[in-house]
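The chain contents come next:
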Amino acid sequence: MNQALQRMRQRLMRPHIIVGLVVLVILSALVIVPVAEILFESFRLQDRDVRRFPGAEAGQWVLFYWERVLASSLSQRIFYGPLINTMIVTVCFTFLAMLLGVALAWLVARTDMPFKALISASVVLPYILPAWTIALAWTTLFRTDSQTLGAAGFLQTMTGMAVPDWVTFGLFPITIVMVINYYAYAFLLTTAALSSMNRQLEEAAMMHGASLWTIIRRVNLPLVLPALVSSFVLTFATGLGAFGVPYLLGLPADVQVMATYLYTSTTLGRYGDAYVLTVILIAMAGITILLTSRLVGLRQSFATMTGKAGSSQLIPLGRYRRVIGIAVVTAVGIPAFLPLGLMALQSLQSGIGNFTWDGFTLDYWIGKNIRGFDGVLVDSRMLKAIWNTFFISFVVGVISVIAAFASGYAVAKGRGSRMATLIEQVAFIPYLVPGVALGAVFLAMFAAPIGPLPSLYGTTTLLILACFVSQLPFAVRSGTTAMMQIAGELEEAGSMHTRSWLTIARRILIPLAKRGLLVAFVLTFISTAKELNLVIMLVTPRTEMLSTVAIGFMDLAMEQFANAIALILVAITLLGALVAKAFSGDRK
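What you see is a predicted model, and the numbers here were worked out from it, not measured in a lab.

## Notes on unusual backbone geometry
- Even without being glycine, Asn 369 reaches a positive phi, approximately 50 degrees.
- Within the secondary structure, Asn 369 is located in the loop between α18 (363-366) and α19 (380-413).
- In this structure Asn 369 comes out as exposed when scored by relative accessible area, which is 58%.
- The phi dihedral of Arg 371 is positive, around 55 degrees, even though this residue is not glycine.
- Looking at the secondary structure, you find Arg 371 in the loop between α18 and α19.
- For Arg 371, a relative accessible area of 57% corresponds to the exposed category.

## Regarding the pattern of salt bridges
- All chains considered together, the criterion is met by ten salt bridges.
- For the salt bridge of Arg 68 with Asp 273, the shortest nitrogen-to-oxygen distance reads 3.2 Å. Pair noted here: Arg 68 is in helix α3 (residues 64-70) and Asp 273 is in helix α16 (residues 271-297), with a separation of 205 residues, a long-range link.
- Here Asp 273 falls in the buried class, since its relative accessible area comes to 1%.
- The partner of Asp 254 in a salt bridge is Arg 77, and the shortest N-O contact between them spans 3.7 Å. Linking Asp 254 in the loop between α14 (244-250) and α15 (258-267) with Arg 77 in helix α4 (residues 75-110), this pair joins segments that are 177 residues apart in sequence.
- Residue classification places Asp 254 among the exposed residues on the basis of a relative accessible area of 52%.

## A few points about the environment of Gly 59
- Looking at the element boundaries, Gly 59 is found in the loop between α2 (15-41) and α3.
- With relative accessibility at 37%, the residue Gly 59 sits in the partly exposed group.
- Spatially, the C-alpha atom of Gly 59 lies 7.9 Å from that of Asp 47, the residues being twelve residues apart in sequence.
- Ignoring anything within four residues of it in the chain, the contact list for Gly 59 reads Arg 44 and Leu 45.

## Digging into the packing of aromatic side chains
- Within the structure shown, the criterion is met by 27 aromatic pairs.
- Between Phe 390 and Phe 525, the aromatic rings sit 5.9 Å apart at their centres with planes inclined by 75 degrees, giving edge-to-face as the arrangement. In this pair, Phe 390 sits in helix α19 while Phe 525 sits in helix α25 (residues 514-529), placing the two residues 135 residues apart along the sequence.
- Ring geometry for Phe 553 against Phe 561: centres 4.7 Å apart, planes inclined by 25 degrees, an arrangement best described as stacked.
- Linked through ring pairs, Trp 387, Phe 390, Phe 391, Phe 394, Phe 521 and Phe 525 together constitute an aromatic cluster.
- Sitting over the ring of Phe 553, Arg 381 keeps its end group 5.6 Å from the ring centre.
- For Lys 530, the ring lying beneath its charged end belongs to Tyr 127, and the centroid distance is 4.7 Å.

## Points about the environment of Leu 290
- Mapped onto the elements, Leu 290 comes out in helix α16.
- Between the C-alpha atoms of Leu 290 and Val 233, which are 57 residues apart in sequence, the distance is 9.6 Å.

## Section: α15
- With nine of ten residues buried, α15 is to be regarded as a mostly interior element.
- Backbone geometry just after α15 places Gly 269 at a positive phi near 80 degrees.

Conventions adopted
- Residues numbered from 1 in each chain as written.
- Predicted model: local features only at pLDDT ≥ 70, side-chain atom pairs only at ≥ 80, totals over all residues.
- Heavy atoms only, no water.
- Helix = DSSP H or I, 4+ residues; strand = E, 2+ residues; numbered from the N terminus.
- Buried < 20%, exposed > 50% of the residue type's maximum accessible area, 1.4 Å probe, protein only.
- Salt bridge = Lys/Arg side-chain N within 4 Å of Asp/Glu carboxyl O.
- Contact = heavy atoms within 4.5 Å.
- Phe/Tyr/Trp six-rings, centres within 6.5 Å; stacked < 30°, edge-to-face > 60°.
- Lys NZ or Arg CZ within 6 Å of the ring centre and 35° of its normal.

This is how it looks when you write it as structure tokens:
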């Protein structure tokens, strides 16, 4: 008995066990507890609704909010209408994004099409940009004078042609802008899968007389199914929780999706409804990932890729090779670079829709007292938002690096163990929670004091905490990848010279994992800087970030300010992307 206890004690005292247990406790406090709390709150009577139940007390268990959302006279507007719009946008945008991304991936990975580097950059650029900035450019391009009290968009000003209202605002533009922003998921994952595929399989099919379309349908697509499923999950889950694009392009046409209505419910103080919508969004995302993961699991017994990629020639496109290349460059390049030009142009015009040299001005950048605001580079509120954005993103990046190292070490050293599996599963939970819903979770958790912990609402601490949790899936994955590459013998050799694990970590493990950890920092920095879905629920006038300030100016019909702020944010994210590319060692 004593020997068994001694062995257990020695096992628990291993560094990776200690680190893993600490990581699990922190993850449970930051992930499992908030999600459980939001579920419980959806069944508890809120303060503002106590008067509906004579003799009742706030906090008692009720089904009132679930009944009101799902089975009342208000359900159509509260839930079913937004749900239908959400599913229309998500299904259509996912289908189009997958179709476009996979087709481009096949052309880049498997044919001799020219301009591949430019095409790849043009595909990735919209993904680097915040989604709402592309929506902002869309309104600048297609807005008509009938929609904005005489302020025409670029297209109508230059050509005199006014597009129908449904092109500017509504489900159609929401879907198209989402496709432009996120088809990179399917492109990047499918390109990687096709590039590593055994090309001898295609050659064998050709030898048996299969046509090109048959090879694509019967060979390429089945073999890259895991990549297709992964890109589907990323795209579909993004559509469920999208807020910025539906907010800018949907609300002017009175089109609500679940994320925007969740935000509306919260701002109006209808927290019970918001909690129910949050639980439903989480469940929808979770079920989607569960079903698609099972689809991949059913095919795990099939060997689809090997270490012998072969040296076969790329599929020739013949005499139309250059024509196809130019057409693809044009098709992906215009949506990638046009938004930047439109945002810059609108930020330099004295009035909305005044796209002339006479209207050129720098007032919205460095001017004074334009409708109560100074230019974005001199106004104290703007400078505060720039600082908040940088500070919060930097701190989240630093904390994410620490989490990446600790969790990566515990998972890498304990690979195959229940603890390692549990760390990865718990860290993945925030990905199941759409940004607006996660914001609602943290708002519910920290709006009031918790024991000795004061209320965090209105503080940068809450924003840092929420953004860090949202980045956990990427931080843990980056850390695990970096630590998996370090041989265990190096740590053992270090332990022969010192008994201090902290010394081994500082002198051996961290320097060896430095590149992966730096990439984790930059990527989480970028994601936090452009975040809107999450922070829109948590900011106050003292803690506003660039994305929320820009949305505020759109609400005030001051698009020049919004475009200028968007360009500053774009510069920050592009700089972060370039740094990440440098650290990743990609020189292509």
